[in-house]
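If you want the building blocks of each chain, they are given just below.
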Amino acid sequence: MRADRTAIGVDIGGTKIAAGLVDAEGRVTRRLEHATVGHEPWAVLETVTALVAELGSGIPDAAVGVGAAGWINPEGSTVLFSPHLAWRNEPLRARLEASTARSVLLSNDADAAGWAEYRFGVARGQSHVVCLTLGTGIGGSIVVEGKLQRGRFGVAAEFGHQTIVPGGQRCACGNRGCWEQYASGNALAREGRGLMAVHSPVAHALREAAGNDPHLVTGEMVTSLAASGDPACRELIIEAGQWLGRGLANLAAVLDPGIFVIGGGLGSRVPLLVDTAKETYRANLSGRGYRPFAQVATAGSGQDAGLVGAADLARRAQGQGSPIASSEK
C-alpha cells in the first residue's frame, strides 16, 4: 500500500463508534457514525464490520486502523481490558480482519488521537509529546521522536488510572482515587449530583436542568451551564481544572515533554478547564524557576482525532513501517 493512499479509520468509544475515509493529509473525506448499542464484543464487531464495508466499497486495498478504548497488548492484536466496554482478552484484530477481509492495525484510542495531533495538529514538529484525552475518563499517549511509546506490556500512558488521592473515589478500573475520578466528565457529573443530593442552594440551575432528578446530571450539563455563566458549575469546572493541573505537573516531573495536548470532548470544548489547568500546572511544577515549562495546548484535530490517527497509523504501518515503538522481549 502506498503511503499516499486513503485509509479507513475507526474510533470505538463507550457511547459511539465513528469511522471515516482519511487521506494522507489527515482530511476526513467521508464520515459515518453509529451508536455503541451494545458493549459486548460481538455487537461492536458487527457495527465496525458494517461501517468498514460501507466506507471501503470500491477501495479494496484500503488499510483499516482501529482505535479502541482499552489496554492493547504489545503485538497490537488483543484488547486486554477495557473499563468502559465488556472486553477481557478480546482478540479484536484477528476477528476484524476475518470479518472485513482487510488488514487491520489495532491501537488504543488515546494513542490514535495523540498520533493525529503529532502528525496533523498542534503538536506537529514536536519531538516529545504527551496527549491527554478528557471525556468520560482520562486517556493518554506519548510520542517521542516520531514513535508512539506503549511500554513493555503495551499499556503505557494510562494516566487516568494513577492514584492521586489514596483511598479516594472508586474507579471502574478497580482502584480508588484515580486521577480521572477528579478531572473528567464523570467527575463533573458526580460532583453536580452531590450538590443536588445535599439540596445545596447554589445548585438551582442544575436542579432546573435535571428536572430535580440528580441521576440525570451529566458532565455535559455541568459544562453547558458553566459556559452560560452559572457560578456553581463554573466552580466545579475550576476544581476539575485544578486537579488536571496538578496531574500535569506530576507527569512533567516524570516525562519532561515539550508539549501537553489536551483533547477529547471535555478538553476541547471547555476553555475554563484548560486555562485553570495551565495556571495550576505552572504553580506546582517541581523546580519551577529553574526549568522550562512545557507548552499546554488545546487539541486542534477535533472530534475525529481518533479515527484520523488510527487511519494514519494503519497507512504508515503498511507503507513505511510501524510508527509504534517495539517493546523489548
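Refer to the structure presented above.
What you are looking at is a predicted structure, and each value in this text was computed from that prediction instead of being measured. (Residues numbered from 1 in each chain as written. Predicted model: local features only at pLDDT ≥ 70, side-chain atom pairs only at ≥ 80, totals over all residues. Heavy atoms only, no water.)

**Section: the sheet that holds strand S6 (residues 79–81)**
In sheet architecture, strand pairing relies on hydrogen bonds along the backbone and comes in two forms, parallel and antiparallel. Threshold: Two strands make a pair as long as DSSP finds a minimum of two bridges between them. Secondary structure elements are taken from DSSP: a helix is a run of H or I of four residues or more, a strand is a run of E of two residues or more, and numbering for both begins at the N terminus.
Taken in spatial order, the 3 strands of this open sheet run S5-S6-S7, and their pairing is antiparallel. A strand with exactly one partner marks an edge of an open sheet, and here the two such strands are strand S5 (71–72) and strand S7 (88–90). Examined bridge by bridge, S6 and S7 share 2 bridges and lie antiparallel to one another. Bridge pairing in S7 places valine 79 opposite glutamate 90.

**Focus on the packing of helix H7 (residues 231–255) against helix H9 (residues 271–284)**
The condition is simple: Angular values range over 0 to 180 degrees, each being the angle between N-to-C directions of two axes fitted as lines to C-alpha atoms, with helices fitted over their stretch in contact. The cut-offs work like this: below 35 degrees is roughly parallel, past 145 is roughly antiparallel, 65 to 115 is roughly perpendicular, and the gaps in between are oblique. By convention, the crossing between two helices is left-handed when the near helix turns anticlockwise from the far helix through less than a right angle, and right-handed when the turn is clockwise. Working rule for contacts: check all heavy atoms of both residues, and any pair within 4.5 Å makes them a contact. Polarity classes work like this: nonpolar for Ala, Val, Leu, Ile, Met, Phe, Trp, Tyr, Cys and Pro, charged for Asp, Glu, Lys and Arg, and polar for all others, with Gly in that last group.
Two elements in contact, H7 and H9, have axes separated by 7 Å at closest approach and are oriented at 45 degrees. Our classification of the angle between H7 and H9 gives oblique. The crossing of H7 and H9 is right-handed. Only Leu272, Leu273, Thr276, Ala277, Thr280, Tyr281 and Asn284 of H9 make contact with H7, whose side of the interface consists of Arg234, Ile237, Ile238, Ala240, Gly241, Gln242, Leu244, Gly245, Arg246, Leu248, Ala249 and Ala252. By residue class, the composition of the contact of H7 with H9 is 11 nonpolar, 6 polar and 2 charged.

**Some remarks on the pairing of strand S10 (residues 138–144)**
The test is simple: Accessible area is worked out with a 1.4 Å probe on protein chains only. A residue is then buried under 20% of its type maximum, exposed over 50%, and partly exposed in between.
Among the 7 residues of S10, 6 are classified as buried, and the element is accordingly described as predominantly covered. As defined by bridge partners, strand S9 (residues 128–134) adjoins S10 across 7 bridges and the pair is classed as antiparallel. If you follow cysteine 131 over to S10, its bridge partner there is serine 141. Between S9 and S10, which pair antiparallel one after the other, the connecting turn spans 3 residues.

**Notes on the pattern of salt bridges**
Note the threshold: Whenever a carboxyl oxygen of Asp or Glu lies within 4 Å of a side-chain nitrogen of Lys or Arg, that contact is scored as a salt bridge.
Taken as a whole, this structure holds 11 salt bridges when the rule is applied. Between aspartate 304 and arginine 31 there is a salt bridge; the shortest N-O distance is 2.6 Å. Of this pair, aspartate 304 sits in the loop between strand S13 (295–298) and helix H10 (305–319) while arginine 31 sits in strand S3 (residues 28–35), placing them 273 residues apart in sequence. Residue classification places aspartate 304 among the buried residues on the basis of a relative accessible area of 14%. Each of Arg31, Glu33 and Asp304 takes part in a single network of salt bridges with overlapping partners.

**Overview of the sheet that holds strand S11 (residues 147–148)**
Taken together, 5 strands build an open sheet; the order of strands is S11-S10-S9-S12-S13 and the sheet is mixed. Only two strands of the sheet have a single neighbouring strand rather than two, namely S11 and S13. Pairing analysis gives 4 bridges linking strand S12 (residues 259–263) to S13, with the strands arranged parallel. The residue of S13 that forms the bridge with isoleucine 259 is glutamine 295. On top of the sheet, helix H3 (residues 109–120) reaches S9, S10, S11 and S12; it is set at about 50 degrees to S10, its chief contact. Docked against the sheet, H7 engages S9, S10, S12 and S13, running at close to 155 degrees with respect to S9.

**A few points about H9**
Here is the rule we go by: Take the residue count of a helix, subtract one, and multiply by 1.5 Å to get its expected span. Starting at the helix axis, one direction is taken to each C-beta atom, and the arc is that of these directions.
An ideal rise of 1.5 Å per residue puts 20 Å on 14 residues; H9 measures up with 20 Å between its terminal C-alpha atoms. Considered for burial, the residues of H9 that qualify are Leu273, Val274, Thr276, Ala277, Thr280 and Tyr281. Down the axis, H9 shows its buried residues gathered within 160 degrees of arc, on one side only. Turned more than 90 degrees away from the buried face of H9 sit Pro271 and Glu279, all of them exposed. Each element contacted by the buried residues of H9 is listed here: S9, H7, S12, helix H8 (264–269) and S13.

**A few points about helix H1 (residues 41–55)**
With 15 residues, H1 extends 21 Å from end C-alpha to end C-alpha; this agrees with the ideal 21 Å at 1.5 Å per step. For H1, the complete set of buried residues consists of Pro41, Ala43, Val44, Leu45, Thr47, Val48, Thr49, Leu51, Val52 and Leu55.

**Some points on the nonpolar core**
Using the following cut-off: Take the buried residues of types Ala, Val, Leu, Ile, Met, Phe, Trp, Tyr and Cys, join any two whose side-chain atoms come within 4.5 Å, and each joined set is a nonpolar core.
Leu132, Trp179, Leu206, Leu248, Phe260 and Tyr281 are the most contacted members of the largest nonpolar core, which totals 42 residues. Within the residue set of this core, elements represented by two or more residues are S9, S10, helix H4 (185–197), helix H5 (204–209), helix H6 (219–227), H7, S12 and H9. A per-element tally of this core places H7 first, with 10 residues. Non-local contacts of leucine 132, meaning those with residues more than four positions away in its chain, are made with Ile138, Gly139, Gly140, Phe159, Trp179, Leu244, Leu248, Leu251, Val261, Ile262 and Gly263. Within the second largest apolar cluster, 26 residues are counted, among which are Val10, Val44, Leu45 and Leu92.

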